[in-house]
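# Overview (structure and organization)
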Amino acid sequence: MQENDRDLLPEGLGDRLPQQAWASQTVRRAAHDVLASHGYARVETPVLEFEKALAHRMAGVQVRRMFRFVDPVSMRMLALRSDITAQVARIAATGLAQAPRPLRLSYSGQVVTIKGDGLDPARERLQLGAELVGADSTEAVAEIVELAIEALRAAGATGVSVDFTLPDLVDTLSAGALPLPSMNIEAVRQMLDAKDAGGLVDAGGEAYLPLLYAVGPFDSAIEQLAAFDVGGVLASRIAALRAIAARVGGKARLTLDPSERHGFEYQSWFGFTIYADGVPGSLGRGGTYSILGQTGRNPESATGFSLYPDPLIESLSAAAGEERRLFLPLGHDREVASRQRAIGWVTVAALSEADDALALGCSHKLEGGEAVAL
Ligand SMILES: N[C@@H](Cc1c[nH]c[nH+]1)C(=O)O
């Protein structure tokens, strides 16, 4: 490393300067207010913990994406959190195992992964979400999807759209109506996810081809899915999707992509991805899953969502207007200044004659006990 590299940050990591930090705080506060108003109690979790604790609560969690290292104190493997949902699941299965169900919890914090996601190089992101532990019914899903939309809107997003998926679709179909040799299952999943018709046929998944066309605006795509489901294996899921869409349809544009799997590591029968106008890429995802309990206890079903609002924070901070700030000259009346703060002014006090009100971003100056525009 060269001398002048000493202050560089590693790839994919960055500071938030005041405007961005303000936007981040605004987004968090607005979203948490919504979650709290729906009865979701906030929990806070450590930034790192034993790798095993992060990985073993849900089947499918990928540890290879996590920063891991040996704890010099316990000599055990630690990992930095990459998904707070796993930590909330631990809390639900341990500290809050006896709390009444359904249990509603919310959280936010920074998460890190070794590599960014797709084209996004960021390795640290803000994650903010809610988990409804003890239910994965249609009602639970509808509550969670509505809540995700409301939280995102409160955070400043407009033109929200939601894409539904069925994460365990291939498992369900291959176990019943459309059997596949077990060695082909993963390849079929991947080809469906990549929307690769040729690859799907090569992987022995010809019967799955119609799924590539049951995609698009919800109303038409669900009809295509129903037409494909001649054997009726998916009937209860299709009915559930219709019920969820009927409840949330007025609040966001809905689409269906039943075989989409990007980012769904552990979700079971239902998953969704959430988008907003003017924001590249998705802003979050959620779905149903199962929390493995303490040894000997049954798994518990749950539904939740996580937002990754960094792109929204970026666009809000770029649009942030100048704040109204009041400059307090040397020797100002401290009583008056404190009254101005009490009625909502942000004040900036001069430390010396050299301090310049305009250069310090002030819009007003305290003069004769009044805020006078500069
Ligand atoms: N934590 C998941 C989303 C989720 C929350 N609850 C259920 N699923 C993710 O970030 O991909």
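Here is what the cut-offs are and how they apply
- Residues numbered from 1 in each chain as written.
- Predicted model: local features only at pLDDT ≥ 70, side-chain atom pairs only at ≥ 80, totals over all residues.
- Heavy atoms only, no water.
- Helix = DSSP H or I, 4+ residues; strand = E, 2+ residues; numbered from the N terminus.
- Buried < 20%, exposed > 50% of the residue type's maximum accessible area, 1.4 Å probe, protein only.
- Contact = heavy atoms within 4.5 Å.
- Axes fitted to C-alpha atoms, helices over the stretch in contact; angles between N-to-C directions.
- Left-handed = near helix turned anticlockwise from the far one by under 90°.
- Nonpolar A, V, L, I, M, F, W, Y, C, P; charged D, E, K, R; others polar.
- Near = heavy atom within 4 Å.
- Polar contact = N/O pair within 3.5 Å; in protein donor to acceptor, adjacent residues only side chain to side chain.
- Areas by Shrake-Rupley, 256 points an atom, 1.4 Å probe, with all protein chains shown as cover.
- Phe/Tyr/Trp six-rings, centres within 6.5 Å; stacked < 30°, edge-to-face > 60°.
- Lys NZ or Arg CZ within 6 Å of the ring centre and 35° of its normal.
- UniProt positions renumbered as here; feature names shortened; annotations may be inferred.
- Pairing = 2+ DSSP bridges.

## A short note on the overall build of the protein chain
On a plain count of helices and strands, the protein chain comes out with eleven helices and 16 strands. Taken over the C-alpha atoms alone, the protein chain extends approximately 85 × 55 × 50 Å along its principal axes. Classification of the 374 residues of the protein chain by burial places 45% in the buried group. Residue pairs at least 24 apart in sequence account for 65% of intrachain contacts in the protein chain once pairs closer than 6 positions are excluded.

## A word on the packing of helix 4 (residues 138-154) against helix 9 (residues 235-248)
Helix 9 packs onto helix 4 with a crossing angle of 40° between their chain directions and a minimal axis gap of 9 Å. The element helix 4 and its partner helix 9 pack so that their crossing is right-handed. Along the contact surface, helix 4 presents Thr-138, Glu-139, Val-141, Ala-142, Glu-143, Val-145, Glu-146 and Ile-149, while helix 9 presents Ala-240, Ala-243, Ile-244, Arg-247 and Val-248. Class assignment of the residues belonging to the contact of helix 4 with helix 9 gives a composition of eight nonpolar, one polar and four charged.

## So, the site of the ligand
Taken together, 15 residues are adjacent to the ligand, and Thr-85, Glu-131, Tyr-266, Arg-285 and Tyr-308 come closest. Tyr-308 places a polar side-chain atom, nitrogen or oxygen, 2.5 Å from an oxygen atom of the ligand. In the complex, 97% of the free accessible area of the ligand, which totals 310 Å², lies under the protein chains. Secondary structure elements with two or more residues in the shell around the ligand: strand 6 (124-133), strand 11 (284-291) and strand 12 (300-307). Considering each element in turn, the shell around the ligand owes the most residues, four residues, to strand 11. Broken down by class, the residue content of the shell around the ligand amounts to four nonpolar, eight polar and three charged.

## Regarding the packing of aromatic side chains
Within a pair of aromatic rings, the relevant descriptors are the distance that separates the centres and the angle that separates the planes. Counted under the stated rule, the structure contains five aromatic pairs. Ring centres of Phe-164 and Phe-270 lie 5.3 Å apart, and the angle between their planes is 65°; on these two criteria the pair is classed as edge-to-face. On the criterion of sequence distance, the pair formed by Phe-164 in strand 7 (residues 161-165) and Phe-270 in the loop between strand 9 (253-256) and strand 10 (271-275) is long-range, its members being 106 residues apart. The residues Phe-164 and Phe-270 share a single accessibility class, namely buried. Consider the rings of Trp-269 and Phe-270, whose centres lie 5.6 Å apart with planes at 55°: the pair is tilted. Since its relative accessible area comes to 12%, Trp-269 is described here as buried. Above the plane of the ring of Phe-50 lies Arg-76, whose end atom (NZ or CZ) is 3.8 Å from the centre.

## A short note on the UniProt feature "binding site: L-histidine" (unreviewed entry) in the protein chain
Following the UniProt record, one finds the feature "binding site: L-histidine" (unreviewed entry) at Asp-83, Ile-84, Thr-85, Gln-127 and Glu-131. The annotated residues occupy 49 residues of the chain but converge on a single region, no pair of C-alpha atoms lying more than 12.7 Å apart. Inspection of the secondary structure assignment puts Thr-85 in helix 3 (residues 84-93). Residue Thr-85 is classed as buried on the basis of its relative accessible area of 1%. Beyond its immediate sequence surroundings of up to four residues, Thr-85 is in contact with Met-58, Tyr-107, Gln-127, Glu-131, Tyr-266, Tyr-289 and Ser-306. With respect to the helices and strands, Gln-127 occurs in strand 6. For Gln-127, a relative accessible area of 0% gives the class buried.

## Quick word on the sheet that holds strand 16 (residues 370-373)
Judged by pairing direction, the sheet is mixed, and its four strands sit side by side in the order 14-13-15-16 without closing on themselves. Single-partner strands in this sheet number two, and they are strand 14 (346-349) and strand 16. The average undirected angle you get between the axes of adjacent strands in this sheet is 35°. With four bridges connecting them, strand 15 (residues 364-367) and strand 16 associate as antiparallel partners. Bridged to Lys-365 within strand 16 is Val-372. Most of the contacts of helix 11 (residues 334-342) go to strand 13 (residues 325-328), to which it runs at about 175°, and overall it touches strand 13, strand 14 and strand 15.

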